[in-house]
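# Observations on the three-dimensional arrangement
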Amino acid sequence: MELSDRGMLVEYDHPSLGKVRSIGLPLSVREYRPTYVRGPRLGEHTVALLEGLGFTASAIEALAERGAFGETDIRRGAASSEM
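Residues numbered from 1 in each chain as written. Predicted model: local features only at pLDDT ≥ 70, side-chain atom pairs only at ≥ 80, totals over all residues. Heavy atoms only, no water.

Relative to the assigned elements, A48 resides in helix α1 (residues 46-52). Judged by its relative accessible area of 53%, A48 is exposed. Linking A48 and I74, residues 26 residues apart in sequence, is a C-alpha distance of 9.9 Å. (Helix = DSSP H or I, 4+ residues; strand = E, 2+ residues; numbered from the N terminus. Buried < 20%, exposed > 50% of the residue type's maximum accessible area, 1.4 Å probe, protein only.)

Our next topic: the confidence of the model for the chain. Residues at a pLDDT of 70 or more form 88% of the chain, whose mean pLDDT is 81. The weakest mean pLDDT in the chain belongs to strand β4 (residues 78-79) at 48; the strongest belongs to α1 at 94. (pLDDT = per-residue confidence, 0-100.)

Spelled out as structure tokens, the structure:
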């Protein structure tokens, strides 16, 4: 039996790749229907995480200026190569 026959192939939208096809949940549980979403882009949640840990905006900006986040533009939540 194929994955598509079992309803295990799912599609979701990705901001850089467009429509993405993936394997879904490999089992059925009565009426439960899972939702599928993309994973976060590199740096997408960095500021929120650091703020949650108590970092101030100025401390986060200082880290960014020193290159702590690599090529990621934390203000936009994406790697600069994706822009």
